[in-house]
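Take a look at the letters that make up each chain.
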Amino acid sequence: QVQLVESGGGLVQAGGSLRLSCAASGQPVSFNGKAWFRQAPGKEREFVASIHYNGAITYYADFAKGRFAISRDNDKETVSLQLNSLRPEDTATYYCAASRDWPGRTTESYLWWGQGTQVTVSS
């Protein structure tokens, strides 16, 4: 009954920026934790960033620190990921996820997932 839909992906030159958004729909649910993961061809899905309900607690993967920023709008039930200084190695499908509990760093922490949005960074 809960759906998460990502948007904002696209093609960008190295050094450029994109802003990804994830909107929740269906039966209203209070998500304590929201996160972004990504998966490149031939690789496992990896953690990017997560955020607590109040927005004060965030976690970032090492490759994301200083370049990416996660935020959420609880009134709109959206979570966003600002991608700056993009590199070709950032090319992947980006997925948003939601949990009722703590915004952990593993896929097992999340119950609801979106279908993903493609980010392609050209050199």
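Every residue gets a number counted from 1 within its own chain, in the order that chain's sequence is written. The predicted nature of this model means local features are confined to residues of pLDDT at least 70 and side-chain atom pairs, given and counted, to a pLDDT of 80 or more, with totals for whole chains, interfaces and linings taken over all residues. By convention in this description, side-chain values take in all heavy atoms of the structure and omit both hydrogens and water.

Aromatic contacts are taken between Phe, Tyr and Trp rings whose centres are within 6.5 Å, Trp giving its six-membered ring; a plane angle under 30 degrees counts as stacked, one over 60 as edge-to-face, and the others as tilted. The full count for this structure, using the stated rule, is seven aromatic pairs. Note on Phe-37 and Trp-113: the rings are 5.0 Å apart at their centroids and 55 degrees apart in plane angle, and the pair reads as tilted. Here Trp-113 lies in strand β10 (residues 112–113) and Phe-37 lies in strand β4 (residues 33–39), a separation of 76 residues in the sequence. In this scheme, a residue with accessible area under 20% of its type's maximum is buried, one over 50% is exposed, and one in between is partly exposed, where area comes from a 1.4 Å probe on protein chains only. The exposure class of Trp-113 is partly exposed, given its relative accessible area of 24%. Arranged with centres 6.2 Å apart and planes meeting at 75 degrees, the rings of Tyr-110 and Trp-113 form a pair that is edge-to-face. By relative accessible area, Tyr-110 is classed as buried at 6%. In DSSP terms, a helix is any run of H or I states spanning at least four residues, a strand is any run of E spanning at least two, and both are numbered starting from the N terminus.

Further remarks concern the environment of Ser-25. Within the secondary structure layout, Ser-25 lies in strand β3 (residues 18–26). With 95 residues separating them in the primary sequence, Ser-25 and Thr-120 have C-alpha atoms 27 Å apart. Contacts: residue pairs with any heavy atoms within 4.5 Å of one another. Leaving out residues up to four positions away in the same chain, Ser-25 has contacts with Gln-1, Val-2 and Gln-3.

A few words now on the side chain of Ser-50. As for its position among the elements, Ser-50 is in strand β5 (residues 46–52). Pairs of N or O atoms within 3.5 Å make up the polar contacts considered here, provided that, within protein, one atom can donate a hydrogen while the other can accept it, and that residues adjacent in sequence are counted only when both atoms are side-chain atoms. Side-chain polar atoms of Ser-50 contact the backbone oxygen of Pro-103, separated by 2.9 Å. Beyond its immediate chain neighbours, meaning those up to four positions away, Ser-50 contacts Lys-34, Ala-35, Ile-57, Thr-58, Tyr-59, Ile-70, Pro-103, Gly-104 and Tyr-110.

The next thing to look at is the pattern of salt bridges. A pairing counts as a salt bridge when a side-chain nitrogen of Lys or Arg comes within 4 Å of a carboxyl oxygen of Asp or Glu. One pass over the full model with this rule turns up five salt bridges. Between Arg-38 and Glu-46 there is a salt bridge, with the nearest N and O atoms lying 2.7 Å from each other. Look at Glu-46 and you get partly exposed, because its relative accessible area is 33%.

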